[in-house]
Amino acid sequence: MTNRSLIDLEALSTLFPHRVANAGDLVALGMPALTVQRRCSANGPWQRLFPGVVLLSSQPPTRTQLLQGALCYARGAIVTGHDALALHGIQTVSPDGQIHLLVPEARFVRGRGKLRVERTSTPPKPVLRNRLLIAPLARAAVDAARHMRTEDEMLAMFSEVVFKHGVRLDELNTQLIVGGFRGVTPVRRALHDLGTRIRNELAASARSLVHRAGLPPPRWNVPVDDANGNPLGNVTGTWDDVGLAWDVHAFDFDPAPASYPIALKRGSRLAANGVVVLHTPATFIRTKPDAVIAELRAAHAHSRPAECVSHA
């Protein structure tokens, strides 16, 4: 039988992350339920954060302690939305509103006050940040965007998620599809606008690199068909006089998951017609411009005359 008088109340808080505990866990350790209740009274040293959840301190709870309390209240839940984004290091959000939790569809947990509990049939695999279970970055971003007021807010947040943290646009679009959410037209529009911006900036950067390389301008954005006349998309540019095509792969950003195999088909089709194809990842345009310039010069110098590659 547990000797309840030997419980060290000062050391007790070290057993629980962020000094937050379920009341049932305290009782299981040997503390009488009446003692827990008394210590959470108006003048007691503890306080209740949510039903059945205790903060082992009389100080106002921090945001982290509120998050831990929410997870204790809705066991099996994970944090998503603005709070998860902040824990991932996203700076364009301020998690001062509702705490957004995801719980499996079979769970029935009520939201209350500033606690939003959302049941989902597709719960993501959580990651651990600051001892808290949170949604992966792509899911957290989509969940946050669904509750933002303006598309400008969404665009700023998505831009940081993509450009600074390396999340692909197709990952974000996939989260929208998998989640089966309603009323997300503004979110789709923001992602589409971001994709357009990326493609425009990529095209401008590609033109700049060709100019810096001292090469004659190619024909830009040239369509390529397969042997049956089916379109395979466009290559970035072609130098028809030397039989060279440049295909910049925007796989890191392209919202079309099938873009990679299509690009390979473009390259195979062009190669079958005697055209040399230089493949360049989109990220290299931004991160390795000098290397791209060197490859462009070398490819152009070693190519040979060929027929027009448009609609090959």
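Each chain has its residues counted from 1, running along the sequence as written. The predicted nature of this model means local features are confined to residues of pLDDT at least 70 and side-chain atom pairs, given and counted, to a pLDDT of 80 or more, with totals for whole chains, interfaces and linings taken over all residues. For the side-chain quantities, the full set of heavy atoms in the structure was used; hydrogens and water were omitted.

Observations concerning the overall build of the chain
Part 1 of the reasoning: Each helix is a run of DSSP H or I of at least 4 residues and each strand a run of E of at least 2, with the numbering of both proceeding from the N terminus. Across its full length, the chain carries twelve helices and twelve strands.
Part 2 of the reasoning: Counting over 312 residues, the chain shows a buried share of 44%.
Part 3 of the reasoning: Counting only contacts in the chain whose residues sit at least 6 apart along the sequence, the fraction spanning at least 24 positions is 60%.
Part 4 of the reasoning: Carbon and sulfur atoms make up 53% of the accessible area of the chain, which totals about 16,100 Å². When a residue's accessible area, from a 1.4 Å probe over protein chains only, is under 20% of the maximum for its type it is buried; when over 50% it is exposed; and in between it is partly exposed. A contact between two residues is defined here by any heavy atoms of the two lying within 4.5 Å. The protein chains shown are the only cover counted for residues, whose accessible areas, like all others here, come from Shrake-Rupley with a 1.4 Å probe.

A look at the environment of Gly243
Part 1 of the reasoning: By the secondary structure assignment, Gly243 is in the loop between strand S10 (231-239) and strand S11 (244-249).
Part 2 of the reasoning: C-alpha separation for the pair Gly243 and Gly274, spaced 31 residues apart in sequence, amounts to 7.2 Å.

Details of helix H8 (residues 169-179)
Part 1 of the reasoning: Among all positions in H8, only Leu169, Asp170, Leu172, Asn173 and Leu176 are buried. An end-on view of H8 places all buried positions within 160° of arc, on one side of the element.
Part 2 of the reasoning: Tucked into the core, H8 has its buried residues touching helix H6 (137-145), helix H7 (151-163) and helix H9 (185-212).
Part 3 of the reasoning: The positive-phi residue at the C-terminal boundary of H8 is Gly180, with phi of around 60°. In this description, the arc belongs to the directions extending from the helix axis to the C-beta atoms.

Overview of the pattern of salt bridges
Part 1 of the reasoning: Salt-bridge detection follows one rule: a side-chain nitrogen of Lys or Arg within 4 Å of a carboxyl oxygen of Asp or Glu. Applying the stated rule across the entire model yields ten salt bridges.
Part 2 of the reasoning: Across the salt bridge formed by Asp25 and Arg75, the nearest N and O atoms sit 3.1 Å from each other. Linking Asp25 in helix H2 (residues 23-28) with Arg75 in the loop between helix H4 (63-73) and strand S4 (78-80), this pair joins segments that are 50 residues apart in sequence.
Part 3 of the reasoning: Judged by relative accessible area, Asp25 falls into the partly exposed class, the value being 31%.
Part 4 of the reasoning: Two residues, Asp240 and Arg219, come together in a salt bridge whose shortest N-O distance is 2.7 Å. Of this pair, Asp240 sits in the loop between S10 and S11 while Arg219 sits in strand S9 (residues 219-225), placing them 21 residues apart in sequence.
Part 5 of the reasoning: On the accessibility criterion, Asp240 (19% relative accessible area) is buried.
Part 6 of the reasoning: Given the relative accessible area of 34%, Arg219 is considered partly exposed.

Quick look at the environment of Asp193
Part 1 of the reasoning: Examined against the element boundaries, Asp193 turns out to sit in helix H9.
Part 2 of the reasoning: We classify Asp193 as partly exposed; its relative accessible area is 36%.
Part 3 of the reasoning: With 42 residues separating them in the primary sequence, Asp193 and Glu151 have C-alpha atoms 9.7 Å apart.

Things to note about the pairing of strand S5 (residues 99-104)
Part 1 of the reasoning: Most of S5 sits out of view: five of its six residues are buried.
Part 2 of the reasoning: Judged from the three bridges that link them, S4 and S5 form a sheet pairing that is antiparallel. Residue pairing across strands places Thr80 opposite His100, the latter belonging to S5.
Part 3 of the reasoning: DSSP-based pairing: two strands are paired if at least 2 bridges between them are found. Relative to strand S6 (residues 115-120), S5 runs parallel, the two sharing six bridges. Residue Ile99 lies in a different strand from S6, and its bridge partner there is Leu115.

Some details on the side chain of Thr238
Part 1 of the reasoning: On the secondary structure map, Thr238 appears in strand S10.
Part 2 of the reasoning: Take Thr238: its relative accessible area is 2%, and that puts it in the buried class.
Part 3 of the reasoning: A 3.5 Å cut-off defines polar contacts: any pair of N or O atoms within that distance qualifies, except that in protein one atom must be a possible hydrogen donor and the other a possible acceptor, and neighbouring residues in sequence count only when both atoms are side-chain atoms. A distance of 3.1 Å separates polar atoms of two side chains, one belonging to Thr238 and the other to Asp240.

Some words on the environment of Pro51
Part 1 of the reasoning: Structurally, Pro51 can be placed in the loop between strand S2 (47-50) and strand S3 (53-55).
Part 2 of the reasoning: Taking the C-alpha atoms as reference, Pro51 lies 6.9 Å from Tyr73; in sequence the two are 22 residues apart.
Part 3 of the reasoning: For Pro51, the contacting residues outside a window of four places in its chain are Tyr73 and Arg112.

Overview of the confidence of the model for the chain
Part 1 of the reasoning: The predictor's confidence in any single residue is recorded as pLDDT, a number from 0 to 100. In the predicted model, the chain carries a mean pLDDT of 86, and 90% of its residues have values of at least 70.
Part 2 of the reasoning: Below pLDDT 50 for its whole length, residues 1-5 participates in five contacts with residues either more than four positions away or in separate chains.
Part 3 of the reasoning: Confidence over residues 306-312 falls short of pLDDT 50; this stretch has 23 contacts with residues more than four positions distant or in other chains.

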